[in-house]
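So the chains spell out like this:
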Amino acid sequence: MQKSVLLRVLQQEIRRHDFNYFVDQPPSIAQGGKGVVVPGCPACQKRINTMSKFLDHLAEDAMPTLIEKLSRRENRMSSSLHEKRE
Ligand SMILES: [Zn+2]
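Everything numeric here is computed off the predicted structure, so don't read it as measured data. (Residues numbered from 1 in each chain as written. Predicted model: local features only at pLDDT ≥ 70, side-chain atom pairs only at ≥ 80, totals over all residues.)

What about the sheet that holds strand β2 (residues 36-41)?
Right, on to step 1. Here we have three strands laid out as an open sheet, ordered β1-β2-β3, and antiparallel in their pairing. The sheet is open, and its two borders are formed by β1 (20-24) and β3 (46-47), each paired with just one other strand. (Pairing = 2+ DSSP bridges. Helix = DSSP H or I, 4+ residues; strand = E, 2+ residues; numbered from the N terminus.)

Have a look at this one:
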């Protein structure tokens, strides 16, 4: 994978996550439900209380998952190239 492509993929993944608020188990109380608004990453519905924990979330949840996904995709591509050559 080209470095420029990898960089773009990493940037997109980082931007997908956000240290914000989301409704845990919607609907929220405002909508008549039992869900509570909690701080965390809305994209992952993960509760996070501090900015340093949010950075941990990026480093320890988001990045490994992304790398795993990319390496699976690379494997698939190289194995399909392999099949064509055979
Ligand atoms: Zn997240």
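Points about the confidence of the model for the protein
Right, on to step 1. Of the residues in the protein, 93% reach a pLDDT of 70 or more, and the chain-wide mean stands at 89.
Right, on to step 2. Least confident of the elements in the protein is helix α2 (residues 51-85), whose mean pLDDT is 88; most confident is β3, at 96. (pLDDT = per-residue confidence, 0-100.)

Let's talk about the pairing of β2
Right, on to step 1. Where β1 and β2 come together, five bridges link them in antiparallel fashion. The residue bridging Asp24 from the neighbouring strand is Val36, located in β2.
Right, on to step 2. Relative to β3, β2 runs antiparallel, the two being bridged by two bridges. Bridging across to β3, Cys41 finds its partner in Lys46.
Right, on to step 3. Count of turn residues in the β2/β3 antiparallel hairpin: four residues, of which Gln45 carries a positive phi of about 55°.

A closer look at unusual backbone geometry
Right, on to step 1. Unusually for a residue other than glycine, Gln45 sits at a positive phi of about 55°.
Right, on to step 2. Assignment of secondary structure puts Gln45 in the loop between β2 and β3.
Right, on to step 3. You can call Gln45 partly exposed: it has 13 C-beta atoms within 10 Å. (Buried ≥ 20, exposed ≤ 12 C-beta atoms within 10 Å, placed from the backbone.)

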